[in-house]
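A structural walkthrough
Here is how the chains run, residue by residue.
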Amino acid sequence: MFIAGYIEKPERGKDIILTEKGRISNEKFFPTLEEKRLIDQYWKNKSELRKARKKANSIIDDSTSTKAVEIDENSGDSDWKTELIDQLKKFSPGKFESFSRLLISKMGVRIDNQRGIIRSGDHSIDGFGYFQSDEFRTSRVAIQAKRFTNGSVGEPEIDRFKGVMDSFNAEYGIFLTTSYFTDQAKEKAVVGNNSVTLIDGIKLASLVQKYQLRV
């Protein structure tokens, strides 16, 4: 993220460029205290800007003017989400898996520190956890994370994931990707007893924003 100095400030229509810091940094030490302070300030400023826009919308009587303001805000969010997805695509497979487990934990799933934490490429799952509902029913959750720089996630990937879910006795799964899912993959995800929740790149960016996950 350019706020922490890992990339140059993005420009519309141009490639994301890593800085020297971004090329040589060690992900184990991210974020430093200073980087965390900068990122926290970024989120605070963004929140204040959104509140200001919302307040401006509420006092504009002309419906056309209100619509124009809202479209402008949505356009800014879209640019931010595109930037985020581009950065996630630059993660190593292992780093994207760690990021996905962190996001899922923010969503209320208690991540198992042993099961499922295996390096990418071993045809296994990328995380395992437990979710307790309001009725105190605990469900076993399998996690799959695929950092795709291009192409889509198809039915075969969902089918393989479901097979591995069975070996872990998972009651449902969560499949995250920086890309998108084909229609066949979406259909396969809800077939059978163990359904799979699909999170594509756009949803991923929205969840990062919702849970204020620092990237």
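Below you will find a few notes about this structure. (Residues numbered from 1 in each chain as written. Predicted model: local features only at pLDDT ≥ 70, side-chain atom pairs only at ≥ 80, totals over all residues. Heavy atoms only, no water.)

Concerning the packing of aromatic side chains
Note the following rule: Between rings of Phe, Tyr and Trp, where Trp is taken as its six-membered ring, a pair exists when centres lie within 6.5 Å; planes separated by under 30 degrees are stacked, by over 60 edge-to-face, and by other angles tilted. A run of H or I in DSSP becomes a helix once it reaches four residues, and a run of E becomes a strand once it reaches two; helices and strands are each numbered from the N terminus. For the exposure calls, accessible area comes from a 1.4 Å probe over protein chains only, and a residue counts as buried if that area is under 20% of its type's maximum, exposed if over 50%, partly exposed in between.
Going through the model one piece at a time under the given rule, you end up with 6 aromatic pairs. Aromatic side chains Phe96 and Phe99 sit 5.9 Å apart centroid to centroid with 25 degrees between the ring planes, which places their arrangement in the stacked category. Here Phe96 and its partner Phe99 are both found in helix α4 (residues 93-106), 3 residues apart, which amounts to about one turn of the helix. Exposure class is identical for Phe96 and Phe99. Each is buried. Look at Phe128 and Phe168: their rings are 5.9 Å apart centre to centre, the planes differ by 35 degrees, and that puts the pair in the tilted class. You can see Phe128 sitting in strand β2 (residues 127-132) and its partner Phe168 sitting in the loop between α5 (155-167) and β4 (172-177), a full 40 residues away along the chain.

Quick notes on helix α7 (residues 201-210)
Listed in full, the buried residues belonging to α7 are Gly201, Leu204, Ala205, Leu207, Val208 and Gln209. Positive phi appears at Gln212, one or two residues downstream of α7, with a value of about 55 degrees.

Here we look at the side chain of Thr178
Which entries qualify depends on this criterion: The term polar contact refers here to a pair of N or O atoms within 3.5 Å; inside protein, the definition further demands a hydrogen-donor-capable atom paired with an acceptor-capable atom, and it admits residues adjacent in sequence only when both atoms are side-chain atoms. Throughout, a contact is declared for two residues whenever any of their heavy atoms are within 4.5 Å.
Tracing the sequence through the fold places Thr178 in the loop between β4 and α6 (183-189). Within the structure, Thr178 has its side chain in polar contact with the backbone oxygen of Phe148 (distance 2.7 Å). Those residues in contact with Thr178, other than ones at most four positions away along the chain, are Ile85, Leu88, Lys89, Phe96, Lys146, Arg147, Phe148 and Gly201.

Observations regarding the pairing of strand β5 (residues 196-199)
Selection rule: One requirement defines pairing of two strands: DSSP has to find at least two bridges between them. Every crossover in which the path from the first strand over the helix to the second runs clockwise, viewed with the strands pointing away from the viewer, is termed right-handed.
Bridge analysis of β4 against β5 gives 4 bridges, and the strand direction is parallel. Across the sheet, Gly173 pairs through a bridge with Val196, a residue of β5. The handedness of the β4 to β5 crossover, carried by α6, is right-handed.

Quick word on unusual backbone geometry
The phi torsion at Phe136 lies on the positive side, around 65 degrees, for a residue other than glycine. Tracing the backbone through its elements, the reader meets Phe136 in the loop between β2 and β3 (138-146). The exposure class of Phe136 is exposed, given its relative accessible area of 66%. A positive phi angle, close to 55 degrees, is found at Asn169, a residue other than glycine. Assignment of secondary structure puts Asn169 in the loop between α5 and β4. On the basis of relative accessibility, which here comes to 52%, the residue Asn169 falls in the exposed class.

A closer look at the nonpolar core
Note the threshold: For the purposes of this section, nonpolar cores are sets of buried Ala, Val, Leu, Ile, Met, Phe, Trp, Tyr and Cys residues that join through side-chain atoms within 4.5 Å.
Residues Phe99, Ile104, Leu176 and Leu204 are the most contacted members of the largest nonpolar core, which totals 22 residues. Residues contacting Ile104, with those up to four places away along its chain left out, are Val109, Ile111, Ile143, Ile174 and Leu176. Ranked by size, the runner-up nonpolar core spans 17 residues in total, among them Ile125, Met165, Phe181 and Ala185.

As for α5
Where we set the bar: Here the expected span of a helix is defined as 1.5 Å times the quantity of residues minus one. The arc under discussion is defined with respect to the helix axis, by the directions toward the C-beta atoms.
The first and last C-alpha atoms of α5 sit 19 Å apart over 13 residues, in line with the 18 Å expected at 1.5 Å per residue. Residues of α5 that are buried: Ile158, Phe161, Lys162, Val164 and Met165. Projected onto a plane normal to the axis of α5, the buried residues spread over an arc of 165 degrees and lie on a single side. In α5, those exposed residues whose orientation departs by more than 90 degrees from the buried face are Arg160 and Ser167. Its buried side turned inward, α5 meets β3, β4, α6 and β5. Directly after α5, the chain includes Asn169, whose backbone phi takes a positive value near 55 degrees.

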